[in-house]
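What follows is the residue order along each chain.
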Amino acid sequence: MNPFKRYDIRGRLGLDLDEAVACRIARAFARVTGAGAVVLARDPRESSPALAEAVAAGLVAQGVRVLDIGMAGTEEMYFATAHLGAGGGIMVTASHNPRDYNGMKLVGAGAVPLTDAAFARLQALSAEAPDRLPGGGVEDAGAVRADYVAHVARLVGPVGPLRVLVNAGNGAAGPTLDALDEGLRARGARLDLVRMHHEPDGAFPNGVPNPLLPENRPVTEAAVRAAGADMGVAFDGDFDRCFLFDGAGRFVDGEHVVALLARAELARHPGAAIVHDPRVLWAVQDTVARAGGRSVLAPTGHVFLKEAMRREGAVYGGEMSAHHYFRDFMACDSGMIPWLLVAGLVARGEALDGMVGALRREHPSSGEVNFTVTDREAMMRRVHAALRPLARGEDRTDGLSLDFGDWRLNLRASNTEPLLRLNVEARGDAGLVAEGVDRVRQVIEG
């Protein structure tokens, strides 16, 4: 089986990935990047310590200094790679995948993603067994967390007074939340964090942390209400994504989080560029326009968002799937900076449910609707032929987007499954959203 996905390594333990495979990938990574030092981190999955040890062994065999930051979040690996001047970074994680999965997230110097060509070469070289090189070793670099905390605290500024329910999902977020809480308090923050499922536990006794799934949200929703919190936050396993809940416990849709973060960043950087994906965009574009910023579209996926941010000099990039990127954080995604920036908006006197309620009324959307099809490209052409004559405009930045004036759709083919993914939005009329979904459904299902 092949653990190489489009952007990272991911697979089932014992079938796609084991210690021997991890060691070979690490040796290939050293050869592709030419790194003299590589940052290594891992999540709390039960299989992660052994895989991280195998990665370290592979890097050492290629003469690499391994800067081991231990159990940490993916964004801490990004930060450490840039901050310590390493030639690359590897995070052992399967994020939100089931317990029998694991994988790796990989970056080069400066926490920049590997190019497609480098990733292809990595895959090819992982099948080889090169000679061992001298000079490698493993160093404890866990102290870099204090520098990470200081950097995040400078980016978000003082926050509070505010009560926030934080659900770490028994993933990697708990210890980093504690360190951030202490660091922010030392800089004047007044946050009352109500901790939930806080201790890292690779057995995931409360389920694998994936708040993007609707069935996983009620426990956080109820906890926000029970705590009387101003807002709630839930994290995935390696906390490169956070998911927000308003003070009434209602889940905040991804495009509305992007709009709020665009507003927060433009308040600090007037006139700046904001990059976002095209799946659901009117709430973001209208927010950016009102704040005097510049909206830039990019295809979905961290490689494309980061590339566009660097090209445009954008201060922030956001995807509705809860990946949020910040210029002053190496143009990388963070799960900690977003909720702290939104907390800053709330602390200034605007309730989150009020801000989000206005966005929901002005920009209702369908959420992602999936259709199982046998020929994705043929069905995309069928939808285009049926609906394009009715549309005012078309965009192909990512999949098919059609603008009908008072509603629009985006239809994308899944990269990994026989699915078409539909998002529909409207301007102030939820009925048009339902009608739009039905129009596309009739074309696809006949």
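These notes cover the structure that comes with them. The structure displayed is predicted, hence computed values, not measured ones. (Residues numbered from 1 in each chain as written. Predicted model: local features only at pLDDT ≥ 70, side-chain atom pairs only at ≥ 80, totals over all residues. Heavy atoms only, no water.)

### Re the overall build of the protein
Short version of the rule: Each helix is a run of DSSP H or I of at least 4 residues and each strand a run of E of at least 2, with the numbering of both proceeding from the N terminus. The contact criterion used throughout is that any non-hydrogen atoms of two residues lie within 4.5 Å. Exposure was quantified through the Shrake-Rupley algorithm and a 1.4 Å probe, taking into account, for residues, occlusion by the shown protein chains and nothing else. Only four residue types enter the charge count: Lys and Arg as positive, Asp and Glu as negative, with His and the chain ends excluded. By convention, charge coordinates are those of NZ in Lys, CZ in Arg, CG in Asp, or CD in Glu.
Within the protein one finds 14 helices and 20 strands. With respect to the three principal axes, the spread of C-alpha positions in the protein is 65 × 55 × 40 Å. In the protein, of all internal contacts separated by at least 6 residues, the share reaching a separation of at least 24 is 71%. Summed over its atoms, the accessible surface of the protein is roughly 17000 Å², and 49% of this surface lies on carbon and sulfur atoms. Here the protein carries 49 positive and 57 negative side-chain charges, and the mean point of each set is 3 Å from the other.

### Brief notes about the sheet that holds strand β18 (residues 400-403)
In a beta sheet, neighbouring strands pair by backbone hydrogen bonds and run either parallel or antiparallel. In plain terms, the rule: Pairing between strands requires that DSSP locate at least two bridges from one strand to the other. Convention adopted: a line fitted to C-alpha atoms gives each axis, helices being fitted over their contacting stretch, and angles between N-to-C directions are expressed from 0 to 180 degrees.
If you walk across this open sheet you meet the 5 strands as β16-β20-β19-β18-β17, and the pairing is antiparallel. Where the open sheet ends on each side, the last strands, each with one partner, are β16 (369-372) and β17 (393-395). Within this sheet the neighbouring strands show an average axis-to-axis angle of 20°, counted without direction. Note that β17 and β18 share 3 bridges and pair antiparallel.

### Describing the packing of aromatic side chains
Note the following rule: By convention, a stacked pair of Phe, Tyr or Trp rings (six-membered ring in the case of Trp) has centres within 6.5 Å and planes under 30 degrees apart, an edge-to-face pair has planes over 60 apart, and any other such pair is tilted. For every residue, the accessible area obtained with a 1.4 Å probe (protein chains only) is divided by the maximum for its type, and the residue is called buried under 20%, exposed over 50%, and partly exposed between those limits.
Inspection of the entire model under this criterion finds 9 aromatic pairs. Between Phe79 and Phe329, the aromatic rings sit 6.5 Å apart at their centres with planes inclined by 15°, giving stacked as the arrangement. With Phe79 in helix α3 (residues 74-83) and Phe329 in the loop between β14 (324-326) and β15 (332-333), this pair connects stretches of sequence that are 250 residues apart. Here Phe79 and Phe329 have matching classes, each one buried.

### Examining the sheet that holds strand β6 (residues 137-140)
Spatially, the 6 strands line up as an open sheet ordered β1-β5-β4-β2-β3-β6, and their pairing is mixed. Since the sheet does not close on itself, it has two edges, and those belong to β1 (9-12) and β6, each with one partner. Between one strand axis and the next, the sheet turns by 20° as a mean value, whatever way the strands run. Here 6 bridges tie strand β2 (residues 37-42) to strand β3 (residues 65-71), and the two strands are oriented parallel to one another. Of the residues in β3, the one forming a bridge with Ala37 is Arg65. Against the sheet, helix α2 (residues 48-61) touches β2, β3, β4 (88-92), β5 (101-108) and β6, its axis set at about 170° to β2.

### What about helix α11 (residues 337-347)?
Within α11, 10 of the 11 residues are buried, which leaves it mostly tucked inside the rest of the structure. Backbone geometry just downstream of α11 places Gly349 in the positive-phi region, at approximately 115°.

### A few points about helix α9 (residues 282-290)
Listed in full, the buried residues belonging to α9 are Trp282, Ala283, Val284, Thr287 and Val288. Within two residues after α9, Gly292 carries a phi angle of roughly 80°, on the positive side.

### Looking at the side chain of His256
Tracing the backbone through its elements, the reader meets His256 in helix α8 (residues 254-268). Those residues in contact with His256, other than ones at most four positions away along the chain, are Ala283, Val356, Leu359, Arg360 and His363.

### Remarks on the pattern of salt bridges
Our working rule: Note on definitions: salt bridges are taken to be side-chain nitrogens of Lys or Arg within 4 Å of carboxyl oxygens of Asp or Glu.
For the structure shown, the criterion picks out 33 salt bridges. Taking the shortest distance from any N to any O, the salt bridge between Arg10 and Asp8 comes out at 2.7 Å. Here Glu312 and Arg294 are joined by a salt bridge, their closest N and O atoms 2.9 Å apart. Here Glu312 is found in helix α10 (residues 302-312), whereas its partner Arg294 is found in strand β12 (residues 294-297), with 18 residues between them in sequence. One network of salt bridges, in which partners are shared, links Asp178, Asp181, Arg185 and Arg195.

### Focus on a negative patch on the surface
Our working definition: What goes into a patch is any residue over 30% in relative accessible area without a salt bridge, connected to like charges within 9 Å or, for nonpolar side chains (Val, Leu, Ile, Met, Phe, Trp, Tyr), within 5 Å.
On the surface, a cluster of negative charge is made up of Asp406, Asp429, Glu435 and Asp438. By secondary structure assignment, the location of Glu435 is in helix α14 (residues 430-445).

### A closer look at the nonpolar core
The condition is simple: Remark: nonpolar core denotes a set of buried residues (Ala, Val, Leu, Ile, Met, Phe, Trp, Tyr, Cys) joined through side-chain atoms within 4.5 Å.
Ranked by internal contacts, the top residues of the largest apolar core, which has 74 residues, are Met231, Phe235, Phe329 and Trp339. Residues in contact with Phe235, not counting those within four places in the same chain, are Val166, Asn167, Ala168, Ala173, Leu177, Pro209, Pro211, Arg241, Cys242, Gly335, Met336 and Trp339. Core analysis: the second largest hydrophobic core is formed by 32 residues, Phe4, Ile25, Ala35 and Ala54 among them.

### Thoughts on the packing of helix α5 (residues 144-156) against α11
Selection rule: Each crossing gets its hand from how the near helix is turned against the far one by less than a right angle, where anticlockwise is left-handed and clockwise is right-handed. Here the term charged refers only to Asp, Glu, Lys and Arg, the term nonpolar to Ala, Val, Leu, Ile, Met, Phe, Trp, Tyr, Cys and Pro, and the term polar to all other amino acids, Gly among them.
One can describe the packing of α5 onto α11 by two numbers: an axis separation of 10 Å at closest approach and a directional angle of 35°. Considering only the axes of α5 and α11, their crossing is right-handed. Contacts from Val152, Leu155 and Val156 of α5 reach α11 at Ile337, Leu340 and Leu341. Of the residues contributing to the contact of α5 with α11, the split by class is 6 nonpolar, no polar and no charged.

### What about the side chain of Ser334?
Threshold: Any pair of N or O atoms that falls within 3.5 Å is considered a polar contact. Within protein, one atom must be able to donate a hydrogen and the other to accept it, and sequence-neighbouring residues count only if both atoms are side-chain atoms.
Structurally, Ser334 is set in the loop between β15 and α11. Using a relative accessible area of 0% as the deciding quantity, one classes Ser334 as buried. Within polar-contact distance, the side chain of Ser334 engages the backbone nitrogen of Met336 at 3.1 Å. Within the local environment of Ser334, its side chain forms a polar contact with the backbone nitrogen of Ile337, the two atoms lying 3.0 Å apart. When residues no more than four places from it in sequence are discounted, the contact partners of Ser334 are Glu75, Asp240, His324, Phe326 and Phe329.

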